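Single-letter residue listing:
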Amino acid sequence: RLKGWNQFRGVTFEAGAAEGDEEGRAGCLLRFCRFVGAHSPVVGKDVYVTVSHCHFLRCGAGGDRGTAVHIERGLCEYCLVEWSGEAAIHLGSDAVAEYCAVRGGFSAGLRGEAGAEFTNCLVQGVRGYAVSPVGGEFDVYYSRFEGCGSGFGVTKQQPQARVHFENCDFVNCGDGTTHGAFTVEEGAQVTPETICLDGQENRVLCATALVDRAGGNHLQFPHVWWGGKPVRRNAAVGGEGSSFVVEPALPKDPHLACIEHVGKVLDPAGNPVPNA
């Protein structure tokens, strides 16, 4: 519990320590530190926190799940988070994460509030969502998401969410039946700007690009390369009653050349939805 500006360098915090609380304090710098088995080791509210070159292992991964890094203001850079619980990195409206890696996790890899920014991050093997909004709009740049339950997900608990992806890769995210690279859960409210893929080289290399359980939404995916395994049953987009606009860039890579996507929408049984 910090009462003034503090610096911790090369310190190991092991399981058994209480949850950190930096609310209303003067700030903190954590550098070359290691956190093992803690519930929510770094929590910064209304104070600037810098977390640099730190390692988080099995933090918040127990029954009462916590978040490895939760800062509302500050910077998280060059950190490795392995097997987090609720979320690996949660950023508030005045926080940035860059050059961070998340490997394994139960709920979410990157979670952002309005104004947050992630750049040059890697998320692998998270069972839930690689990217999950809390509400509002935030940005993700030059990042890669691989082997996660879904690349990006919106639920009914996240109103007016909007995430802007630029030059990101989604590889083997979603199981191809109930989840896809992008998943809109039942009851979620989605606008055409909820999922925005901009830039020049967004790549979606997944069997299923979009699963829209809410239905009836109009989603835009500009500047996207579809690819991965050959899609033979128009499975790139799934969800009953959904509508969408897809403007894929023409891929030059021969591995991305086998694409079958004509804008059809399938119901859960795999049949085309009329007038969708």
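Let's talk about the overall build of the protein chain
Scanning the protein chain from terminus to terminus reveals zero helices and 25 strands. Across the 276 residues that make up the protein chain, the buried fraction comes to 50%. Summarising the internal contacts of the protein chain: among those between residues at least 6 apart in sequence, 48% fall at separations of at least 24. Counting only carbon and sulfur atoms, one obtains 47% of the accessible surface of the protein chain, whose full area is about 12,400 Å².

Here we look at the pattern of salt bridges
Under the criterion given, the structure shown has seven salt bridges. E86 is the partner of R111 in a salt bridge, and the nearest nitrogen-oxygen pair spans 3.1 Å. Highlighted residues: R111 in strand 11 (residues 108-113) and E86 in the loop between strand 8 (80-84) and strand 9 (87-98), separated in sequence by 25 residues. Overall, the relative accessible area of 14% leaves R111 in the buried class. Residues E185 and R213 are paired through a salt bridge, measuring 2.7 Å at the closest nitrogen-oxygen approach. Taken as a pair, E185 in the loop between strand 19 (182-184) and strand 20 (195-198) and R213 in the loop between strand 22 (210-212) and strand 23 (218-226) lie far apart in primary sequence, 28 residues in all. Using a relative accessible area of 14% as the deciding quantity, one classes E185 as buried.

A look at the pairing of strand 9
Side-chain direction in a regular strand flips from residue to residue, so the side chains alternate between the two faces of the sheet. Relative to strand 9, strand 7 (residues 67-77) is paired through nine bridges, and the arrangement is parallel. Bridge pairing in strand 9 links T67 to A87. With four bridges connecting them, strand 9 and strand 11 associate as parallel partners. Bridging from a neighbouring strand, L91 pairs with G112 of strand 11. Inspection of the sheet shows strand 9 paired to strand 12 (residues 117-119) by three bridges, in the parallel sense. Paired with E98 across the two strands is T119, which belongs to strand 12.

Thoughts on the side chain of N167
Relative to the helices and strands, N167 resides in the loop between strand 17 (161-166) and strand 18 (169-171). For N167, a relative accessible area of 16% gives the class buried.

So, unusual backbone geometry
Phi is positive for Y78, close to 50°, though the residue is something other than glycine. One non-glycine residue, N167, lies in the positive phi region at around 55°.

Quick word on the pairing of strand 8
Pairing of strand 6 (residues 55-57) with strand 8 involves three bridges; the strand directions are parallel. Note on strand 8: the bridge partner recorded for L57 is E82. Pairing of strand 8 with strand 10 (residues 101-105) involves four bridges; the strand directions are parallel. Residue E82 lies in a different strand from strand 10, and its bridge partner there is R103.

Concerning the packing of aromatic side chains
Throughout the structure, instances matching the rule amount to twelve aromatic pairs. Their ring planes at 55° and their centres at 5.3 Å tell us that W83 and F106 sit as a pair that is tilted. Residue W83 is found in strand 8, and its partner F106 is found in the loop between strand 10 and strand 11; the two are separated by 23 residues along the sequence. With a relative accessible area of 32%, W83 lands in the partly exposed category. An aromatic cluster is built from F145, F152, F165, F170 and F182, whose rings are joined through pairwise contacts.

Concerning the state of the cysteines
In this structure the tally under the stated criterion is zero disulfides. Between C28, a cysteine without a disulfide, and C33, which holds the nearest cysteine sulfur, the sulfur-to-sulfur distance is 8.1 Å.

Some thoughts on the nonpolar core
Core analysis: the biggest nonpolar cluster contains 55 residues, and F56, I89, F145, F165, F170 and F182 have the highest contact counts within it. No other element matches the five residues that strand 9 contributes to this core. For I89, the residues in contact, after removing those within four places along its chain, are V69, C76, V81, A97, C100, V102, G109, L110, R111 and F118.

Details of the confidence of the model for the protein chain
Taken as a whole, the protein chain shows an average pLDDT of 80; of its residues, 74% reach a score of 70 or greater. For the protein chain, the element scoring lowest by mean pLDDT is strand 25 (residues 243-248), at 54; strand 12 scores highest, at 98. Ignoring residues within four places in sequence, the model shows residues 228-235, a span with pLDDT below 50, making 18 contacts including any to other chains. Scored below 50 in pLDDT, residues 256-262 makes 19 contacts in the model with residues more than four places away or belonging to other chains.

Each value, and the rule that gives it
- Residues numbered from 1 in each chain as written.
- Predicted model: local features only at pLDDT ≥ 70, side-chain atom pairs only at ≥ 80, totals over all residues.
- Heavy atoms only, no water.
- Helix = DSSP H or I, 4+ residues; strand = E, 2+ residues; numbered from the N terminus.
- Buried < 20%, exposed > 50% of the residue type's maximum accessible area, 1.4 Å probe, protein only.
- Contact = heavy atoms within 4.5 Å.
- Areas by Shrake-Rupley, 256 points an atom, 1.4 Å probe, with all protein chains shown as cover.
- Salt bridge = Lys/Arg side-chain N within 4 Å of Asp/Glu carboxyl O.
- Pairing = 2+ DSSP bridges.
- Phe/Tyr/Trp six-rings, centres within 6.5 Å; stacked < 30°, edge-to-face > 60°.
- Disulfide = S-S within 2.5 Å.
- Core = buried A, V, L, I, M, F, W, Y, C linked by side-chain atoms within 4.5 Å.
- pLDDT = per-residue confidence, 0-100.

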